[in-house]
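Topology and contacts: notes
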Amino acid sequence: MNEEQDLIPVLSYARISDDGEGDRHGVTDQHRVNQGTAKRFRLNIVAELTDNDRSASKAEVVREDFERMVRVLRTGKLEDGRLVQGVIVLNDDRLARRAGDYERFVEALTCKEGRVYADERGLKDLYSEDVEGLGLVGVAFSKIESRKTRRRIRRWHLARAIDGKSPGGTRPFGWRADDRTKLHPVESALLGRAVDEFLAGRSGHSIVVSWQKLGILTTLGNVWSAQAFKLMLNNPRLCGWRRLGGQILRDEDANPIIGNWEPITTPEKWLAIHAIIEGRKGKDRFDQPLATDYRDHKYLLTGIARCGKPRPDSLICNARLTVDQSRRGARHHVYVCPPKTNNGCGGIGRRGDLVDQFVTEAVLAKLSEREMTADEPADLGTTSEIANHEKMLMTLRQQWTARVISDGFFFTTVQQVELQLKDLRNIEARQSLQKARGHLDLAAIRERWYTGELDLSQKRAYIREALHAVIIHPGGRGRAIFNPDLLELVWR
Ligand SMILES: [Zn+2]
């Protein structure tokens, strides 16, 4: 009995892309790899089909053998009547050139039960909605992204992401070089602490400076920059999630796909960090969940303290106070209203050390008062709302790819849903930030404040979280007198 009769008859499909020299596999090579795949999974290649995209322009090219493959799969037979029950390709990229191709292929292959599909990495179940759904999204991505090499890298990343493997490329800071799924003991500890400090309001710049002082380098051996640091913090890898094309990868139920590496932090904390970083892009800092400094200040209240001297029109001056630089080297600093040439009135001065101390105590008292009364509303609603919107988007994409809905309807609806999603995500991030902050131990903060463990940017973050501003009202003679009654604290 012919041994081949026991094997499942399949097609081997190959395509030369027009990537030119970037194409690692020629046609012969692709079919040879497919032969190897056939052997591994007890498949029998009954025909080799090949398309050549190299000579033709992209949109018009008719891929004769691709069309033939789809026809054969629909009937289940080659033209000469031999059975066909599956397909082997080098990888997905060989199939999908245009949105719709991949979908037509899956449709044809799964129109009968028991078909097999395999690529270099193994057998794939195209009957499962998961794989199909992700395939469609993948194709939608590739339609948007026109640069082919990038697309190919993404496809590879996507495939890795779907099975939760760590992406390739430069070793991520925080994970071991030999096994990127395991935490690097030193780096992960540093990164974990940085995450908490950033959430507590320490500026990224301040953390980077402390790393520089410690001699901590990037995995490429470079000195850390604020930019590189921000990119690292904004990467969902920190909490075990994957991002592709700017989106968190999610499964059919809109749950994030969890990677197979050990996370540095929790999704709640990462979402909070992400919200802070995204929130800063071109927006007023005043509205941010936790107002933190872009740059390091030398004094506790610069930019927060304002001038309360009345102007002739009876409004107050309200200029941001600066520190009197002529008094550098003196025992204490003095907050002053800048001169008229600098949008101030020049009419206020106050002893900085005493103002700082008073405001610090007031803020610490206020924070503990808040903690006592903190009663967080449970917000399970937002998360399920987000999941619903994610599902909606997924369905829209599928229907659009299947040409059930028009371009016009798709794009306007998608835009609306995406805007709603964005709002929901902001709400969710704020909620998780509040949750993270609700658990702060204020006694510990007070202690760290006075032992000097908190640096100035951390202290300023607490101040800004509690206060909109400190207005310093004029008090008769003497520029630098101090009287707490002349300080007006504007609480948030
Ligand atoms: Zn003034």
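Relevant structure appears above.
Residues numbered from 1 in each chain as written. Predicted model: local features only at pLDDT ≥ 70, side-chain atom pairs only at ≥ 80, totals over all residues. Heavy atoms only, no water.

**Focus on the pattern of salt bridges**
Short version of the rule: The term salt bridge refers to a side-chain nitrogen of Lys or Arg lying within 4 Å of a carboxyl oxygen of Asp or Glu. Partly exposed residues are those whose accessible area sits between 20% and 50% of the maximum for their type, while under 20% is buried and over 50% is exposed, using a 1.4 Å probe and protein chains only.
The full count for this structure, using the stated rule, is 11 salt bridges. Its salt-bridge partner being Arg-176, residue Asp-178 comes within 2.9 Å of it at the nearest N-O pair. What makes Asp-178 exposed here is its relative accessible area of 62%. The partner of Glu-197 in a salt bridge is Arg-202, with the nearest N and O atoms 2.8 Å apart. Judged on exposure class, the residue Glu-197 and its partner Arg-202 are both buried.

**Regarding the environment of Leu-421**
For clarity, the threshold we go by: Strands here are runs of E lasting at least two residues and helices are runs of H or I lasting at least four, both read from the DSSP assignment and numbered beginning at the N terminus. Any two residues having at least one pair of non-hydrogen atoms within 4.5 Å are treated as being in contact.
Tracing the sequence through the fold places Leu-421 in helix 12 (residues 407-438). Judged by its relative accessible area of 4%, Leu-421 falls in the buried class. Sequence spacing of Leu-421 and Leu-393 is 28 residues, and the spatial spacing of their C-alpha atoms is 9.7 Å. Residue contacts for Leu-421: discarding those within four places in its chain leaves Ile-386, His-389, Glu-390 and Leu-393.

**Some points on the coordination of the zinc ion**
What counts here: Donor atoms (N, O, S) are those found within 2.8 Å of the metal centre, with the cutoff raised to 3.2 Å for Na, K and Ca; water is not part of the atom list, so apparent gaps in a site can occur. A four-donor site is classed as tetrahedral when every donor-metal-donor angle falls between 85 and 135 degrees; four donors are called square planar, and six octahedral, when trans pairs exceed 155 degrees and all remaining angles lie between 65 and 115, with any other arrangement labelled irregular.
Taken together, Cys-307 (SG), Cys-317 (SG), Cys-337 (SG) and Cys-345 (SG) make up the full set of protein donors to the zinc ion, lying 2.2 to 2.3 Å away. Seen from the zinc ion, its four donor atoms lie at angles of 105 to 112 degrees, and the figure they make is tetrahedral. In the primary structure, the donors to the zinc ion are separated according to the pattern C-x9-C-x19-C-x7-C. Residue Cys-345 is classed as partly exposed on the basis of its relative accessible area, which comes to 24%.

**Things to note about the pairing of strand 12 (residues 467-472)**
Cut-off, in case you're wondering: Pairing between strands requires that DSSP locate at least two bridges from one strand to the other.
By the criterion of burial, strand 12 is predominantly enclosed, with five of the six residues buried. Strand direction decides the pairing type here: strand 8 (residues 305-307) and strand 12, joined by three bridges, are parallel. Its bridge partner being in strand 12, Arg-306 is matched across the sheet by Ile-471. Pairing of strand 12 with strand 13 (residues 487-491), which is carried by five bridges, proceeds in the antiparallel orientation. Bridging across to strand 13, Ile-471 finds its partner in Glu-488.

**A word on the sheet that holds strand 11 (residues 349-351)**
Pairing in this open sheet of three strands is antiparallel, and the strands run 9-10-11 from one edge to the other. Sheet topology places strand 9 (322-323) and strand 11 at the edges, where each strand pairs with a single neighbour. Relative to strand 11, strand 10 (residues 334-336) runs antiparallel, the two sharing three bridges. By the bridge assignment for strand 11, Val-336 is matched with Gly-349.

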